[in-house]
Structures are given as structure tokens and as C-alpha cells.
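Residue-level listing of the chains:
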Amino acid sequence: MKKHSVLLAFVLTLTCLSMRAQSIEDPILKNNIFIGLKGGVTAMDMAYQKGNTSFVNHSILLTNPKNVLSCMVAGLTVERSLPAFSYGVECLLTGLNAQSANTGNGQYSYVKQDSAYFVNVRVPIRVKFFNKQRPDRSVAFHPYVFVAPNVSTYIYAPLSESLTVNGYSVWNGEGIEWGSKNINYINFSVVGGIGLESDIEVGLYVIRARFEAAYNYGLLNMAPESLGMDRKTRGWEATLGVSFPLFTNPHYTWLN
């Protein structure tokens, strides 16, 4: 009887240690920090208004997709992942290339083009749905909605005497560079949309794949008051992303 008791205690001890080891080694996605990359296309417009008159220069991506390189979005992401939602910071480079389709001689036909590259910092908050993992640990797709405040500024970089990266516009047939006289440096917008993500397990590691479609609505007037008009960005973007957990097994009290 004594031998059976010792054997039973030994088996129970091994079972507990095995279960604990499994719980530590299994990927835990409920509380983690994910670092990743994202990229895609953005169809940003420039909307003008002066008094009761308004018009929009639409993204060249809609009329001439060959110019897709001027309508790209790409950058780095850091995300704190929780069971029902997540939040993080994204640093992105986006392109704007909006052109007028108006060939007439209307009051605002002189505004033909706006183009620039922007550096963006946004703070997305995502709320997830149907996020319960399948018992067989197979790939599952989870939808979510998100909203993000976005602060950006256009890039100015004098690379050489003949090549300068700068905001550029065509007004009244003349090309002008953006500057303090023609545009405000800081732009603020709100980005909101929907997404679909999947956590793909590879051994003890996880790859998170994600697709997002969003609308970016500019809130600040980018034109100085001296121009006497409102000039705001707005448009759509679609991105693909991939991210990886910083901690494979995040058993840390500050993550729980």
C-alpha cells in the first residue's frame, strides 16, 4: 500500500510538472507586445473650400494607377495585445498625389496638383470580435474595428542642388514648393476602419497577419490664413501587415 502511495504521488508530481511546462511553453497571445511591418496603398485627396465654393483634387491612383509609388504607405508598428482589444503606436511614411480632373476655366481651375510625402505617427485602438481561438489551434480569422488619431508633417529633404524632396503644387500653371507661406507643417487627422487578422502558429512561435481598410479624414486646415481658403486631406487606404510577439511566453506580472 505504501509503495502504491509513493508511486501515485510520483505520477501526480510528473503530471503537474508536465502541465506547467506545457502552459509555459505554449504561445500566449492574450497579453503580449507585437512588433511588425505594414504597407499598402493610399488614395488621398485634397479638398478645397473658399466661401460657398468647394472642390476636390482626387488621388492620381484612381485615374493613373501607374503612379502607385507616389501613393504608398509603409512603416513600423508596435502593439500591446490584449484579449478583446489592443493599442499601440505606428510610424508611417505616406504619399499624396492629387490632381484636378477639371480642364475648364472655372474659378478654381488653377489648382491642378498637390503632391508630397508625409511622416505620420498614429495611435490605433482596435476592438476585436469573435476572438476565441479554435480548440484544434488551426488558423482562424478575427474581424475588428479601429480608430486612430494621426499627426503628420510633410518631408523636406534637400538631397542635392538638382534633387529636393519637398511638397509640390501646381497653381495657376506655376509649380511651387510647399513652405510656411503655402502650407502649415503640421496636419492632424482621424483614421478609422475595419480589419481582419489571423494568428498563425509555427511551433512555439506566432506570426500575426493583418489586412486593414480605413478612411483618413483631415481635421486641420493645411493652408495658412493668408491664402483665404481651407485645404484639407482625406482619402482611403488599404494595408497588409505582419507582426511578431516580442515575448514568446510572456509570463511577466507587468503584462498581466
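Please read all numbers here as calculations on a predicted model, not as lab measurements. (Residues numbered from 1 in each chain as written. Predicted model: local features only at pLDDT ≥ 70, side-chain atom pairs only at ≥ 80, totals over all residues. Heavy atoms only, no water.)

Caption draft 1: Fine view of the pairing of strand 13 (residues 205-218). Residues Val206, Arg208, Arg210, Glu212, Ala214, Asn216 and Gly218 point to one face of strand 13 and are all buried, whereas Tyr205, Ile207, Ala209, Phe211, Ala213, Tyr215 and Tyr217, pointing to the other face, are not buried. Summarising the sheet, strand 12 (residues 186-202) and strand 13 pair through 14 bridges and their orientation is antiparallel. Each bridged residue has a counterpart across the sheet, and for Glu197 the counterpart in strand 13 is Arg210. Across 10 bridges, strand 13 lies against strand 14 (residues 230-245) in antiparallel orientation. Paired with Ala209 across the strands is Val242, a residue of strand 14. (Buried < 20%, exposed > 50% of the residue type's maximum accessible area, 1.4 Å probe, protein only. Helix = DSSP H or I, 4+ residues; strand = E, 2+ residues; numbered from the N terminus. Pairing = 2+ DSSP bridges.)

Caption draft 2: Fine view of the packing of aromatic side chains. Within the structure shown, the criterion is met by 8 aromatic pairs. Centre to centre, the rings of Tyr215 and Trp236 are 4.9 Å apart; their planes meet at 65°, and the pair counts as edge-to-face. Taken together, the residues Tyr215 in strand 13 and Trp236 in strand 14 connect sequence positions 21 residues apart. In this structure Tyr215 comes out as partly exposed when scored by relative accessible area, which is 27%. Trp236 gets classed as exposed once you look at its relative accessible area, which sits at 54%. Taken together through their ring pairs, the aromatic side chains of Phe118, Tyr154, Trp178 and Tyr185 make up a single cluster. One Lys or Arg, Arg126, reaches over the ring of Phe146 and ends 5.7 Å from the middle of that ring. Directly above the aromatic system of Phe34 lies the positively charged group of Arg208, at a separation of 4.1 Å from the ring centroid. (Phe/Tyr/Trp six-rings, centres within 6.5 Å; stacked < 30°, edge-to-face > 60°. Lys NZ or Arg CZ within 6 Å of the ring centre and 35° of its normal.)

Caption draft 3: How the structure looks around the pattern of salt bridges. Applying the stated criterion to the full structure yields 12 salt bridges. Residue Lys38 is joined to Glu212 by a salt bridge in which the shortest nitrogen-to-oxygen separation is 3.1 Å. Here Lys38, found in strand 1 (residues 32-50), pairs with Glu212, found in strand 13; they are 174 residues apart in sequence, far enough to count as distant. Judged on exposure class, the residue Lys38 and its partner Glu212 are both buried. The partner of Glu90 in a salt bridge is Arg126, with the nearest N and O atoms 2.9 Å apart. Placement of Glu90 in strand 4 (residues 85-99) and of Arg126 in strand 6 (residues 125-128) is noted, with a sequence separation of 36 residues between them. Among the ionic contacts, a cluster of salt bridges with common partners joins Lys38, Glu79, Glu90, Arg126, Lys128, Glu197, Asp199, Arg208, Arg210 and Glu212. (Salt bridge = Lys/Arg side-chain N within 4 Å of Asp/Glu carboxyl O.)

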